[in-house]
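Below, each chain spelled out in residue letters.
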Amino acid sequence: MIKRFVPLALFGFMALPAWSQEAPPAAEAAAAPAPAPEKILVVGQRPGPGLWKVSKGEHVLWVFATYSPLPAKMEWRSQQVEAILAQSQEYLLPPGWSAGVGLWRGLTLLPYAIGFKKSPDGAHLKDLMPPEVHARWLALKDKYIGEDDDIERERPVFAADDLFSKALRKSGLSKGYEVRQAIEAIVKKNKIKTTSSTISVEFDDPAKSLKEFKKSSMDDIDCFSKTIDRLETDLDAMRVRANAWAKGDLDAIQKLSYADSDAACSAAFESSSIVKGQAAFQDMRRRSRDAWLAVAEKALTANASSFALLPLKDVLDPQGSLAQLQAKGYVVEKPE
């Protein structure tokens, strides 16, 4: 826990999964009008989408596309996934990266981490943005958070994430962690080899980085504004997409446009002086994808059947992981 705490404090895009709501690539999403909103979320047992099939001769990699947010009262279960997992020789975790400083070193850094979410120099949200943006924030805060004076002193990027998370809960949506947990329970039951492609990196000087982070400002107003835009306009569409994923209706997901707060919030951290000053953290998105592609190709060579998780956004991306495998000559087939 300590090993994770310090890097999460510094690089909030690792700790804030609400920003990475998996929507279709913008070019595809904007191509068709949005369908009428669904107010009622699906409940009960649902299978989600079918499996993508990546093959090389007789060797197959089955890919299950994860998505967030999902209906909070949905129970995921897929007989297809259970059957294919049971006969697979390897399970591939999704791309990712982590940073650590070690247990004892982490303990010494805890004092520096206190207050990392607060804006420098005691600034309040109203001091950092146009009055009209702050007024819209207050309306949403009253609706989804209620009384909380402390949040007004947080950096916009952290306040936006807290608002987004609470809005999801009050709208009958969850972040969908239960689906991955259920799949990994099947993996454990069947004693399937698990392979991670996660890239592990270290801070050059974590104490210095924490102190600098607490003193430095961030370009996070765009993240804040786009999160507000999304909550004002996109909650109904989120429900439609959540229902569509639960039913396996990928066409409905791809037809919905969305406000891309994810990119703006990630950019707020990735362009900060702290991240730029850490050589090990540069170009991490590409590096983590390349690492996943390497283990996927190795699994396709070694196993008759392998199974992997990928975010739906990556699966549908014309420049994503499956598209790259297809460009290398692998056969990629969508679910029927």
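Residues numbered from 1 in each chain as written. Predicted model: local features only at pLDDT ≥ 70, side-chain atom pairs only at ≥ 80, totals over all residues. Heavy atoms only, no water.

Right, let's get into the confidence of the model for the protein. Model confidence for the protein is summarised by a mean pLDDT of 82, while 79% of its residues fall at 70 or above. Confidence, read as mean pLDDT per element, is least for helix H2 (residues 12-15) in the protein (36) and greatest for strand E6 (residues 90-92) (98). Confidence drops under pLDDT 50 across residues 1-37; counting only partners more than four residues distant or on other chains, this segment forms 109 contacts. (pLDDT = per-residue confidence, 0-100. Helix = DSSP H or I, 4+ residues; strand = E, 2+ residues; numbered from the N terminus. Contact = heavy atoms within 4.5 Å.)

This next bit is on the pattern of salt bridges. Side chains that differ in sign of charge can pair as their charged atoms come close. Applying the stated criterion across every chain, the model contains 14 salt bridges. As a salt-bridge pair, Asp234 and Arg230 come within 2.9 Å of each other at their nearest N and O atoms. The pair Asp234 / Arg230 is uniform in exposure class, with both members buried. Between Arg286 and Asp290 there is a salt bridge, with its nearest N and O atoms 2.7 Å apart. Of this pair, Arg286 and Asp290 are both found in helix H16 (residues 284-302), four residues apart, which corresponds to roughly one turn of the helix. Accessibility expressed as a relative area gives 44% for Arg286, which makes it partly exposed. For Asp290, a relative accessible area of 33% puts it in the partly exposed group. Each of Arg136, Asp229 and Glu232 takes part in a single network of salt bridges with overlapping partners. (Salt bridge = Lys/Arg side-chain N within 4 Å of Asp/Glu carboxyl O. Buried < 20%, exposed > 50% of the residue type's maximum accessible area, 1.4 Å probe, protein only.)

This brings us to the nonpolar core. Formed by 48 residues in total, the largest nonpolar core has its most connected members in Trp52, Phe64, Ile183, Trp245 and Phe307. Other than its neighbours up to four places away in sequence, Phe64 contacts Pro47, Pro49, Leu51, Trp76, Val81, Val179, Ile183, Trp245, Phe307, Ala308, Leu309 and Leu310. Judged by nonpolar contacts, the second largest core, of 32 residues, contains Leu163, Leu173, Phe213 and Ile228. (Core = buried A, V, L, I, M, F, W, Y, C linked by side-chain atoms within 4.5 Å.)

So, on to the packing of aromatic side chains. Counting across every chain of the model gives four aromatic pairs. Ring centres of Phe64 and Trp76 lie 5.6 Å apart, and the angle between their planes is 65°; this geometry places the pair in the edge-to-face category. Taken together, the residues span a long stretch of sequence, with Phe64 in strand E3 (residues 59-66) and Trp76 in strand E5 (residues 74-76) at a distance of twelve residues. Look at Phe64 and you get buried, because its relative accessible area is 0%. When the ring of Phe64 is compared with that of Trp245, the centres are 5.9 Å apart and the planes differ by 85°; the resulting orientation is edge-to-face. One end of the pair, Phe64, is in strand E3; the other, Trp245, is in helix H12 (residues 235-247), and 181 residues separate them in sequence. (Phe/Tyr/Trp six-rings, centres within 6.5 Å; stacked < 30°, edge-to-face > 60°.)

Our focus in this paragraph is unusual backbone geometry. In this chain, Ser68 is followed by Pro69 through a cis amide linkage whose omega measures 5°. Checked against the element boundaries, Pro69 lands in the loop between E3 and strand E4 (70-71). With a phi angle near 60°, Asp121 is a residue other than glycine that sits in the positive phi range. Looking at where Asp121 falls in the secondary structure, it is placed in the loop between helix H5 (103-113) and helix H6 (125-128). Its identity is not glycine, yet Lys191 carries a phi of approximately 55°, on the positive side. Residue placement: Lys191 occurs in the loop between helix H9 (177-189) and strand E9 (193-195).

Next up on the list: the state of the cysteines. Scanning the model with the defined rule gives one disulfide in all. Across the disulfide, Cys223 is cross-linked to Cys265 (sulfur-sulfur distance 2.0 Å). The sign of the 80° torsion about the S-S bond sets the Cys223-Cys265 disulfide as right-handed. Separated by 42 residues along the polypeptide, Cys223 in helix H11 (residues 221-233) and Cys265 in helix H14 (residues 261-270) bring together distant segments of the chain. Taken individually, Cys223 and Cys265 each receive the classification buried, so the pair is uniform in this respect. (Disulfide = S-S within 2.5 Å.)

With that settled, consider the sheet that holds E3. What the six strands build is an open sheet, ordered E9-E6-E11-E3-E2-E12; its pairing is mixed. Two strands close off the open sheet at either side, each with one partner strand: E9 and strand E12 (331-333). Averaged over all pairs of adjacent strands, the angle between strand axes in this sheet comes to 20°, irrespective of strand direction. Note: strand E2 (residues 52-56) against E12, three bridges, orientation antiparallel. Bridge pairing in E12 places Val54 opposite Val332. In this fold helix H4 (residues 79-86) packs onto E3 and strand E11 (305-311), with an angle of close to 135° to the strand it touches most, E11. Packed onto the sheet, H16 meets E2, E3, E6, E9 and E11 and runs at close to 140° relative to E3. (Pairing = 2+ DSSP bridges. Axes fitted to C-alpha atoms, helices over the stretch in contact; angles between N-to-C directions.)

Attention now moves to the environment of Arg239. Looking at the secondary structure, you find Arg239 in helix H12. Its relative accessible area of 14% is what places Arg239 among the buried residues. Put simply, Arg239 and Leu168 are 71 residues apart on the chain and 9.7 Å apart in space, counted from C-alpha to C-alpha.

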